[in-house]
Amino acid sequence: MKERIEELRGLLNQYNIEYHVLDKPTISDAEYDRLMRELIDLETKYPEFMDPLSPSQRIGGPVLDEFTKIQHKRKMMSLGNVFSEEELKSWAKKIEDEVGKVEFCAECKIDGLAMSIEYQGGNFVQAVTRGDGEVGEDVTQNVKTIRSIPMNVSYREEFEIRGEVYMPKSSFEALNEGKRQQGEPEFANPRNAAAGSIRQLDSKIAASRKLDAFWYHVPDGETYGLKTHYESLMWIKDMGFRVNENTTLFQSIDDVWKFIERMTIERNNLPYEIDGIVIKVNNYEVQEQLGYTVKVPKWAIAYKFPAEEAVTRLEDIFITVGRTGKATPNAKLTPVRLAGTTVSAATLHNEDMINQKDVRIGDLVVVRKAGDIIPEVLRSIEDKRDGTQVPFIFPTLCPDCGMPLHRFADEAAHYCVNSDCPSRIVNSIAHFASRDAMNIDGLGEKKVEQFHKMGWLNKVDDIFKLKEYRDEIISLDKFGLKSYENLVEAIDQCKSNALDKLLFGLGIRQVGAKAARILANRYKTMDALMQATLSDLITIDDIGDITADAIVTYFKEEATLRLIDSLKSSGVNMVQESDATIESSFTGKTIVLTGSLQRFSRNEAQEYLEKRGATVTGSVSKKTDIVIYGEAAGSKLEKAQALKIQTMTEDEFMEIVEREA
Ligand code: IVH
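Before going into details, it helps to say that this report is about the structure given with it. (Residues numbered from 1 in each chain as written. Predicted model: local features only at pLDDT ≥ 70, side-chain atom pairs only at ≥ 80, totals over all residues. Heavy atoms only, no water.)

**Considerations on the packing of helix α12 (residues 422–433) against helix α13 (residues 445–453)**
Part 1 of the argument: Between α12 and α13, whose axes approach to 9 Å, the crossing angle comes to 130°. Here α12 is positioned oblique relative to α13, judged by the angle of their axes. Between α12 and α13 lies a crossing whose hand is right-handed. Counted together, Pro422, Ile425, Val426, Asn427, Ile429 and Ala430 of α12 and Glu445, Val448, Glu449 and His452 of α13 form the full contact between these two elements. (Axes fitted to C-alpha atoms, helices over the stretch in contact; angles between N-to-C directions. Helix = DSSP H or I, 4+ residues; strand = E, 2+ residues; numbered from the N terminus. Parallel < 35°, antiparallel > 145°, perpendicular 65-115°, else oblique. Left-handed = near helix turned anticlockwise from the far one by under 90°. Contact = heavy atoms within 4.5 Å.)

The structure is reproduced here in structure tokens:
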């Protein structure tokens, strides 16, 4: 029996690495669960073969009273910071003045908490937090629940590695969603959530938090025969530890800076948060030569991204009503600089959020901007209240049309259910005309609002009747004959758009640009789609129950049928050209695009490929035929290389595009 137990442990450990480290599972979840159940059954039957490092023990263990304090064998240092190109370059210059030209290793500064882990005889024995750098806490039980950390490795000598435990953005969102539903306070950011999870005395809670880790430092690497920092990372990577895929060597600090600029944008697409880039001198001997200050190594530095949080005054709260009728509370802020732009408004999401955060008008508030996401109010600063602050009472009437706002039983949002509400009308027409939908140049939100006020635009199909108001439009302030002619031309042109653009433009609940494309390619005509039943729709990959239901409901409505008829009689195209497939070397291929392309936008490249009969997907798997990559391509490219999938640079792609033009 012992053999079978050991065999199962070996298999499960291997599958764990494939799934959590290499991101390429070779067995199904069901098969994994079956083997795990068999192992747990055998371990229960034969407790004499129990092993605390068994893969069955990753779900958490006994509840602790407190964490034991542990003295680090070697001090856990932190890093000096720089905040600009100038500071970074002067750090590098000082180094090169001292020791001559050096090679740099640049890597993501993972926003989590530093951790040291130790192995003896090939087994994981201990995990300790950084603490004050000298003494940390023994969090072995909690760290053991992180599936990507191998419990057994081939190297038998004692060794320690260091890295960062963090909470992936997706785990963070899910955790806070749960907290919201339970009415419990949410975590402010993934770092706090990770730290809170590692500090749990009950490791079952830590296990449920879905933490992960990257490893970036091997103390005293030269004792293992290694010559450079990068070699040390490759050594532990080969052993099965996760090493960040963006780690790159550079021969000059100018190139490091270009990498930083790229990552400043790319960070928004990463599934984890980073708060900067760490730059290290690669060669161990040179590191030794440079040495340490009392607190930090001189051979490494952290470049910190500009703050994405700022403090400002919440002057007022106003409600905006979107095309679905959703009434969103927004903060009017005293303008403040935030990550390179000036912010004067931010979302407050919904009534519960305002109450939960106890945000009051007049408060000083912390505002955050994450990438291109709309800025949000994170919290208010209660200590700074002077008694003039007033709590916000959510209005009962729509600020635009004056009809009652409704809050449905299972939703946090309020809705204006009046389908004639001007805000709803203006926003749905503007959405129809927007770039990714029907792309009617010259018909932005402001114009739609103006035309609506004049009584010319009340429904989407009124767009095609605007010509009736030619003279009135031309005589509008700042709207000459030329603008009118351009607008009419854009409206005429949009009639021949493919069906997917129209479908997206209609603003059917749950149907975004991607779902619209899938539906159009599948049904080819509006009529066929309108006949589709719920059971037809749910058989389509990527169309879930809720979306299917929304589509069926939408096409049952009287108003929809009237609208479609009217659009048809205005000459709007209702088919997805099927003969549009242009034969090319991409036809029939499954393709993934990654990194930032210079000559194509992602959408354009995708459209180009789809027109040629290729399927463009978001993730690399065994089914992928080609991965086309631009600058700063990360894990997808690595995965493609590991799976031996054909890869293509943007230049190579362009060569084919030009050849086949
Ligand atoms: S190197 C002697 N590399 O940033 C080497 N640190 O501000 C010391 N961190 O305490 C650390 N990502 O918690 C290093 N790629 C990375 C890192 C990283 C995140 C954290 C770490 C450290 C803090 C310093």
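Back to the write-up after that little detour.
**Quick word on the pattern of salt bridges**
Part 1 of the argument: If you walk through the whole model with that rule in mind, you get 40 salt bridges.
Part 2 of the argument: Between lysine 2 and glutamate 6 there is a salt bridge, and its shortest N-O distance comes to 3.5 Å. Pair noted here: lysine 2 and glutamate 6 are both in helix α1 (residues 2–21), with a separation of four residues, about one helical turn.
Part 3 of the argument: Look at glutamate 6 and you get partly exposed, because its relative accessible area is 45%.
Part 4 of the argument: Between glutamate 38 and arginine 4 there is a salt bridge; the shortest N-O distance is 2.7 Å. Here glutamate 38, found in helix α2 (residues 29–45), pairs with arginine 4, found in helix α1; they are 34 residues apart in sequence, far enough to count as distant.
Part 5 of the argument: Look at arginine 4 and you get partly exposed, because its relative accessible area is 26%. (Salt bridge = Lys/Arg side-chain N within 4 Å of Asp/Glu carboxyl O. Buried < 20%, exposed > 50% of the residue type's maximum accessible area, 1.4 Å probe, protein only.)

**Details of the site of the ligand**
Part 1 of the argument: Around the ligand, 13 residues are found, and the nearest of them are Glu107, Ile110, Glu164, Tyr216 and Lys280.
Part 2 of the argument: Here an oxygen atom of the ligand sits 2.7 Å away from a polar atom, N or O, in the side chain of glutamate 164.
Part 3 of the argument: The side chain of tyrosine 216 places a nitrogen or oxygen atom 3.3 Å from an oxygen atom of the ligand.
Part 4 of the argument: Considered on its own, the ligand offers 530 Å² of accessible surface; in the complex 90% of this is hidden by protein.
Part 5 of the argument: Taken together, the elements giving at least two residues each to the shell around the ligand come down to β3 (104–110) and β10 (274–281).
Part 6 of the argument: Ranked by the residues each element gives to the shell around the ligand, the list is headed by β3, at four residues.
Part 7 of the argument: Of the residues assigned to the shell around the ligand, the class counts are nine nonpolar, no polar and four charged. (Near = heavy atom within 4 Å. Polar contact = N/O pair within 3.5 Å; in protein donor to acceptor, adjacent residues only side chain to side chain. Areas by Shrake-Rupley, 256 points an atom, 1.4 Å probe, with all protein chains shown as cover. Nonpolar A, V, L, I, M, F, W, Y, C, P; charged D, E, K, R; others polar.)

**Some remarks on unusual backbone geometry**
Part 1 of the argument: One non-glycine residue, histidine 349, lies in the positive phi region at around 65°.
Part 2 of the argument: Tracing the chain through its elements places histidine 349 in the loop between β14 (341–347) and α11 (351–356).
Part 3 of the argument: Unusually for a residue other than glycine, aspartate 358 sits at a positive phi of about 45°.
Part 4 of the argument: Residue aspartate 358 is classed as partly exposed on the basis of its relative accessible area of 25%.

**What to know about the sheet that holds strand β21 (residues 590–594)**
In a beta sheet, neighbouring strands pair by backbone hydrogen bonds and run either parallel or antiparallel.
Part 1 of the argument: The sheet built from four strands is open, its strands ordered β22-β21-β23-β24 with parallel pairing. If you trace the sheet from one side to the other, it starts and ends with β22 (615–617) and β24 (646–649), each paired once. Averaged over neighbouring strand pairs, the angle between their axes works out to 30° when direction is ignored.
Part 2 of the argument: Here β21 runs beside strand β23 (residues 626–629); their pairing, made up of four bridges, is parallel. Its bridge partner being in β23, valine 592 is matched across the sheet by valine 627.
Part 3 of the argument: On the sheet, helix α22 (residues 602–611) packs against β21, β22 and β23 and is oriented at approximately 165° with respect to β21. (Pairing = 2+ DSSP bridges.)

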